[in-house]
Amino acid sequence: MIIAVHNTRGGVGTTTIAAHLCKLIQELNITVDAMSVDPTQELQRWLKPHGVRLIEPDRLSPQARQGDQSFAEVLVIDIHTSQVSPVLPDLWIVPISDRLAYEHAVQLSDALSGDVVWLPMKGRALDQADIPAYLKNAITIAPQVPFSRALRAASESSRLVWDDPDLAGTAGALALRRSLRQVLDTAGLTSADPALQLAPVAAGVLRDPQRLQPAQAQL
Ligand SMILES: Nc1ncnc2c1ncn2[C@@H]1O[C@H](COP(=O)(O)OP(=O)(O)O)[C@@H](O)[C@H]1O
Ligand SMILES: [Mg+2]
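Colleague: What's the story with the side chain of D164 in this structure? I'm lost.
Modeller: Here D164 lies in the loop between α5 (149-156) and α6 (171-186). For D164, a relative accessible area of 17% translates into the label buried. Of the polar contacts made by the side chain of D164, one reaches the backbone nitrogen of D166; its length is 2.8 Å.

Right, dumping it as structure tokens:
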């Protein structure tokens with residue numbers, strides 16, 4: 001299963017979500033790889049202590065994939081603003097932290113294939129009425145993550161907020177866990193029913209060559 005975190009607006013919490021999502025998936029005993037489509041490679045900084053392998057985007061080229069079954073069950077991709085995913089994700093998490101991020105999210109979501117989850121960040125509230133009618137069937141809204149000084153402090157020290165005993169119990173840290181857990185449950189990743197679980201990354205990519213085309217074609 002491939003999960004991309006992306007909004008064409010920056011500073012919305014994309015990397016924060018991608019990093020914590022990797023950790024949460026690990027805690028659920030599901031294997032996870034990460035990929036950073038971001039010139040600043042910020043995700044690397046967060047994940048270093050956690051042994052999450054970072055896959056280079058060019059490893060997903062058709063040549064590189066031939067016979068390569070060594071990928072984890074889930075790939076989490078952090079896609080920075082104008083960057084493009086090298087593979088079509090099964091699930092997009094689009095963080096929305098303010099009005100502009102919302103406008104970007106509407107435009108972006110219209111161009112995405114796969115399931116789309118809007119994740120209200122930094123106290124931004126969103127409900128069904130915020131989803132334009134033509135997108136209603138395509139988007140679900142995850143539980144909100146409040147504005148959190150703990151999350152900001154964590155990112156300043158490049159530590160996951162759940163790793164710092166002083167920050168892990170704060171409302172923001174708990175809300176982030178709750179929200180991401182719900183996204184995984186809704187995606188069927190943590191469901192006990194195998195029928196609801198998506199195929200591991202390598203199998204999925206090799207089965208459907210369409211998925212190897214850059215998502216840019218759609219944007
Ligand atoms: N819920 C939140 N409340 C307050 N600050 C947040 C929250 N989520 C993220 N931030 C802060 O916003 C800034 C941008 O987050 P980041 O994850 O780097 O965004 P992006 O990857 O979209 O540019 C960071 O300083 C981060 O700590
Ligand atoms: Mg980022």
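Colleague: I'm lost on the pattern of salt bridges in this one. Help?
Modeller: One side chain can pair with another of opposite charge once the charged atoms of both are near each other. With the rule as written, the count across this model stands at 7 salt bridges. Between R53 and D33 there is a salt bridge, with the nearest N and O atoms lying 2.9 Å from each other. With R53 in strand β3 (residues 53-54) and D33 in strand β2 (residues 32-37), the pair connects residues that are 20 residues apart, well separated along the chain. Taking the relative accessible area as the measure of exposure, R53 reaches 35% and is therefore partly exposed. The class of D33 is buried, set by a relative accessible area of 4%.

Colleague: Just checking my understanding: could you explain the site of ligand 1 for this structure?
Modeller: In the vicinity of ligand 1 there are 16 residues, among which G11, T15, T16, S148 and S155 approach most closely. A distance of 2.8 Å separates an oxygen atom of ligand 1 from a polar backbone atom of G11. In the environment of ligand 1, an oxygen atom lies 2.9 Å from a nitrogen or oxygen atom belonging to the side chain of T14. The protein chains hide 86% of the 570 Å² of surface that ligand 1 would expose on its own. Secondary-structure elements contributing two or more residues to the shell around ligand 1 are α1 (14-27) and α5.

Colleague: What should I look at first to understand the packing of α1 against α6 in this one?
Modeller: Two measures define how a pair of helices packs: the angle their axes make with one another and the distance between the axes. As a packed pair, α1 and α6 sit with axes 10 Å apart at the nearest point and diverge in direction by 70°. Taken as axis vectors, α1 and α6 run roughly perpendicular relative to one another. When you trace α1 past α6, the crossing you get is right-handed. Every residue of α6 that contacts α1 at I17, H20, L21, L24, I25 and E27 is listed here: L176, R177, L180, R181 and L184. Class assignment for the residues of the contact of α1 with α6 results in 7 nonpolar, 1 polar and 3 charged.

Analysis parameters
- Residues numbered from 1 in each chain as written.
- Chains lettered and ligands numbered in written order.
- Predicted model: local features only at pLDDT ≥ 70, side-chain atom pairs only at ≥ 80, totals over all residues.
- Heavy atoms only, no water.
- Helix = DSSP H or I, 4+ residues; strand = E, 2+ residues; numbered from the N terminus.
- Buried < 20%, exposed > 50% of the residue type's maximum accessible area, 1.4 Å probe, protein only.
- Polar contact = N/O pair within 3.5 Å; in protein donor to acceptor, adjacent residues only side chain to side chain.
- Salt bridge = Lys/Arg side-chain N within 4 Å of Asp/Glu carboxyl O.
- Near = heavy atom within 4 Å.
- Areas by Shrake-Rupley, 256 points an atom, 1.4 Å probe, with all protein chains shown as cover.
- Axes fitted to C-alpha atoms, helices over the stretch in contact; angles between N-to-C directions.
- Parallel < 35°, antiparallel > 145°, perpendicular 65-115°, else oblique.
- Left-handed = near helix turned anticlockwise from the far one by under 90°.
- Contact = heavy atoms within 4.5 Å.
- Nonpolar A, V, L, I, M, F, W, Y, C, P; charged D, E, K, R; others polar.

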